[in-house]
Amino acid sequence: MQPMRQLPYTVNNVSLIQDFLDETRKRIADGIEITFTKKANDELTDLSLDFDIEIDDIENAILGLSTDNYYRGIDPSGSADFDVCAFCTVIGKDAVEIYLKYGLEVHGLQILLFSNHVPNHPMTQPFKN
């Protein structure tokens, strides 16, 4: 699997990420549940034990994302089965910074969470002012 690339800050790229976030909110509002991969579920268990973070906290964090939280991801060509983005955001009552990576199925409705953990290194946020 190729590493996710970081899109440069352009009006079109910010719009692309905003569309991704809008589609995420629409799917959640329509009742589509977030599916956790085994890796993401294991990471959530760690977050729960270390910081009292639960599934609802992850969903609320996703709903609260903005383009400022963008870290990397999305294929602007539109040729992938999933649009995948990673974000840096804070979560829970302790405001823990986490790496949050999820995808939206292009031809379907699935929201698939790949990763949610405390970052291993500082995360740049190229769209943050």
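Summary of the structure given here. (Residues numbered from 1 in each chain as written. Predicted model: local features only at pLDDT ≥ 70, side-chain atom pairs only at ≥ 80, totals over all residues. Heavy atoms only, no water.)

It is worth spelling out the nonpolar core at this point. Generally speaking, a soluble globular protein has its nonpolar side chains buried in company with each other. Counting residues in each nonpolar core, the largest one holds 29 residues, and the members touching the most others are I17, I58, F87, Y102 and L113. Counting residues per element, the ones that place at least two in this core are α1 (11-29), β1 (34-36), α2 (38-51), α3 (55-63), β3 (82-91), β4 (96-105) and β5 (111-117). The contact partners of I17, leaving out residues within four places of it in the chain, are L7, T67, Y70, I74, C85, F87 and F127. Listed in part, the seven residues of the second largest apolar core include Y71, V84, A86 and C88. (Core = buried A, V, L, I, M, F, W, Y, C linked by side-chain atoms within 4.5 Å. Buried < 20%, exposed > 50% of the residue type's maximum accessible area, 1.4 Å probe, protein only. Helix = DSSP H or I, 4+ residues; strand = E, 2+ residues; numbered from the N terminus. Contact = heavy atoms within 4.5 Å.)

Bringing α2 into the picture now. An α-helix turns once per 3.6 residues; consequently, residues spaced three or four apart project the same way. Over its 14 residues, α2 extends 20 Å from the first C-alpha to the last, a length consistent with the 20 Å expected when each residue adds 1.5 Å. Within the sequence span of α2, burial applies to A40, E43, L44 and L47. For α2, the angular spread of the buried residues around the axis is 105 degrees, confining them to a single face. Within α2, the exposed residues directed more than 90 degrees away from the buried face are K38 and L49. Buried positions along α2 lie against β1, α3, β4 and β5. (Expected span 1.5 Å × (residues − 1). Arc of directions from axis to C-beta.)

Our focus in this paragraph is unusual backbone geometry. Positive phi, normally seen in glycine, also occurs at D52, with a value near 55 degrees. Along the polypeptide, D52 turns up in the loop between α2 and α3. Owing to a relative accessible area of 42%, D52 belongs among the partly exposed residues under this scheme. With a phi close to 50 degrees, A95 is a non-glycine residue in the positive phi region. Assignment of secondary structure puts A95 in the loop between β3 and β4.

On their own, these measurements won't tell you what the molecule is for.
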